[in-house]
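# Notes for the structure review
Next come the chains, spelled out residue by residue.
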Amino acid sequence: MVKNKTTSGDGIYPYYLKNGKLRYEAYAFNGVDKGTGKQSKKHKKGFHTYADAKKWKKVTEGEFADEEYIHHNPSRVKIKDYLNEWLNVYKPNLKLGAKINYRQTIDFYVIPYIGNYVLSEYNTRTHQKYINSLMCDKNIGKDNNGLSLGSVKKVHDLISSAFNQAIALGILKNNPAKGVSFPKKKQDDTLHYFTYQETEIFLEEARNQKDPAWYPIFLTIFDQGLRKGETLGLEWKDIDFNKNIMHIRRTRVFAAENKKKWTYVVDDPKTISSIRDLPMTNRMKQALLSYRNYVIGIFGHLPYTGENQFIFLKTAYNNEIGTPFRGQAINPAMNRIIESQDLPKIKVHDGRHTYAVRLREAGVSLDDIGELLGHTDAKTTRIYAHITPEIKERAVDKLETYLISKQNTLVN
């Protein structure tokens, strides 16, 4: 590149490429940086015409002016811009998985609805209407019938937290997210799970699937109570066959997966309590030993995916052999097995509920169930306090035994 000696007072300069073609470069100025004392500017080159360079300079300096205005009038920033700054600047310690979920919440459920509101013009009345809309929007939610009450509260809590930060920064005086009410929405509070017989039918059919990984994958959910992300985040180093222990140390972040780029992101488990050591059932141990031998037989070793030596790898799909199972593959596999055996329709997470119900039926205390599941709050485990028919029968049997013993005491 050969620079033309001609200078320009408006910050636009011509220059010539080695092939002799004329190009223009432009500088957009933003005054003096108070921190460094140096001229603040942006530079771009490669413009084919003087007019193109001038247009870029004008737009860029207009953006500088907007930024300067917002700097002096921060309450005039739009909600979408403020939330982006809040997430990137004021939430530096968020776990990777949490940050990805925050970003998705902002992009999917906040910006499309209220992102263009100016921060200072957003009020409680507007926020109430927004909350109501999330609960009845036919274009969102698992059933296209709006978000669940729990999901709406999570969105609300994120926004309220961001507004509290704005108050701390002196941008807002009051939090417009305070004082809203949440409309009642009929929730399905029924606990869905398989009976013992249904579980065995499901697992037996899992053995017959095209990929041998499906049986141990679902066994970790039904016999160990793992979450889907915890299951697919398991590595061979997490399995202690000598002590018969499964260490839960990480989870896969499915929201960050990219099929085209083969990206897999791992993060710390959901909570501190989620980091736990679980004794394995005998069939879980045997299934993993068998699967381990199978993987070694296929690859000659236990493969790595980057730095991770994931347990569950695809071996039955020619174009994806050796790649970890993605989160989106689990639900279709479960539905396929359920439909083939005409079993009740439950979700993958209900396999975890099934594990908890089996523990309850076996007489395990709620406290111990919560610890095995990695619950932080004991209230979460209370959903398993209900009594299944089997527990009812056992309770009545105990009552019968007690009554008989009392009758015998009276007779004697």
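### Structural notes on the overall build of the protein chain
Each helix and strand counted, the protein chain has 14 helices and nine strands in total. Against the 2.2 N^0.38 benchmark of 22 Å for 412 residues, the protein chain shows a C-alpha radius of gyration of 30 Å, more extended than a compact globule. Each principal axis of the C-alpha distribution contributes one length, and for the protein chain these read about 115 × 60 × 40 Å. Relative to its 412 residues, the protein chain shows a buried fraction of 40%. A separation of at least 24 residues holds for 58% of the contacts in the protein chain among residues at least 6 apart in sequence. For the protein chain, the exposed surface amounts to about 23,900 Å²; the carbon and sulfur share of it is 50%. Side-chain charges in the protein chain split into 64 positive and 46 negative, and the spacing between the mean points of these groups amounts to 7 Å.

### Considering the packing of helix 6 (residues 196-206) against helix 7 (residues 214-222)
At a minimum axis separation of 8 Å, helix 6 and helix 7 run at an interaxial angle of 155°. As far as their axial angle goes, helix 7 and helix 6 are roughly antiparallel. For the pair formed by helix 6 and helix 7, the contact residues are Thr 199, Phe 202, Leu 203 and Ala 206 on the first element and Trp 214, Tyr 215, Phe 218, Leu 219 and Phe 222 on the second. Looking at the contact of helix 6 with helix 7, its residues break down into eight nonpolar, one polar and no charged.

### Section: the sheet that holds strand 6 (residues 245-248)
Reading across from one edge, 5-6-9 is the order of the three strands in this open sheet, with antiparallel pairing throughout. What marks the edges here is a single partner per strand, and that holds for strand 5 (239-240) and strand 9 (276-279). Across two bridges, the pairing between strand 5 and strand 6 is antiparallel. From the neighbouring strand, Ile 239 faces strand 6, where its bridge partner is Met 246.

### Let's talk about the environment of Leu 158
Counting through the fold element by element, Leu 158 comes out in helix 5 (residues 149-168). Relative accessible area serves as the criterion here: at 5%, Leu 158 is assigned to the buried category. Spatially, the C-alpha atoms of Leu 158 and Val 110 are 9.8 Å apart, while their sequence positions differ by 48 residues.

### Examining the confidence of the model for the protein chain
In the predicted model, the protein chain carries a mean pLDDT of 87, and the fraction of residues at 70 or more is 90%. Put simply, strand 1 (residues 2-3) is where the protein chain has its lowest mean pLDDT, 49, and strand 5 is where it has its highest, 98.

### Remarks on the pattern of salt bridges
Under the definition given, this model contains twelve salt bridges. Salt-bridge contacts for Asp 107 lead to Arg 103; the nearest nitrogen and oxygen are separated by 3.2 Å. Highlighted residues: Asp 107 and Arg 103, both in helix 3 (residues 96-114), separated by four residues, approximately one helical turn. Taking the relative accessible area as the measure of exposure, Arg 103 reaches 24% and is therefore partly exposed.

### Some words on the packing of helix 2 (residues 79-89) against helix 3
At a closest axis distance of 10 Å, the pairing of helix 2 and helix 3 adopts a crossing angle of 170°. With respect to each other, helix 2 and helix 3 are oriented roughly antiparallel. Residues Ile 79, Lys 80, Leu 83, Asn 84, Trp 86, Leu 87 and Asn 88 of helix 2 touch helix 3, and the partners they reach there are Lys 99, Tyr 102, Arg 103, Ile 106, Val 110, Ile 111 and Ile 114. The residue inventory of the contact of helix 2 with helix 3, partitioned by class, reads nine nonpolar, two polar and three charged.

### Focus: a nonpolar patch on the surface
Together, Leu 399, Tyr 402 and Leu 403 make up a nonpolar patch on the protein surface, roughly 290 Å² of accessible area in all. Here Tyr 402 shows up in helix 14 (residues 389-411).

### A word on the side chain of Glu 361
Along the polypeptide, Glu 361 turns up in helix 11 (residues 348-361). For Glu 361, the side chain forms a polar contact with the side chain of Arg 358, separated by 3.0 Å.

### A word on unusual backbone geometry
For Asn 244, which is not glycine, the phi dihedral falls at a positive 60°. Inspection of the secondary structure assignment puts Asn 244 in the loop between strand 5 and strand 6. Taking the relative accessible area as the measure of exposure, Asn 244 reaches 22% and is therefore partly exposed. Even without glycine at this site, Asp 342 takes up a positive phi of about 55°. Its location among the elements puts Asp 342 in the loop between helix 10 (330-340) and helix 11. Note on Asp 342: relative accessible area 71%, which makes it exposed.

Rules behind the numbers
Residues numbered from 1 in each chain as written. Predicted model: local features only at pLDDT ≥ 70, side-chain atom pairs only at ≥ 80, totals over all residues. Heavy atoms only, no water. Helix = DSSP H or I, 4+ residues; strand = E, 2+ residues; numbered from the N terminus. Rg over C-alpha atoms; globule rule 2.2 N^0.38 Å. Buried < 20%, exposed > 50% of the residue type's maximum accessible area, 1.4 Å probe, protein only. Contact = heavy atoms within 4.5 Å. Areas by Shrake-Rupley, 256 points an atom, 1.4 Å probe, with all protein chains shown as cover. Lys, Arg positive; Asp, Glu negative; His and termini not counted. Charge placed at Lys NZ, Arg CZ, Asp CG, Glu CD. Axes fitted to C-alpha atoms, helices over the stretch in contact; angles between N-to-C directions. Parallel < 35°, antiparallel > 145°, perpendicular 65-115°, else oblique. Nonpolar A, V, L, I, M, F, W, Y, C, P; charged D, E, K, R; others polar. Pairing = 2+ DSSP bridges. pLDDT = per-residue confidence, 0-100. Salt bridge = Lys/Arg side-chain N within 4 Å of Asp/Glu carboxyl O. Patch = residues over 30% accessible without salt bridge, like charges linked within 9 Å, V, L, I, M, F, W, Y side chains within 5 Å. Polar contact = N/O pair within 3.5 Å; in protein donor to acceptor, adjacent residues only side chain to side chain.

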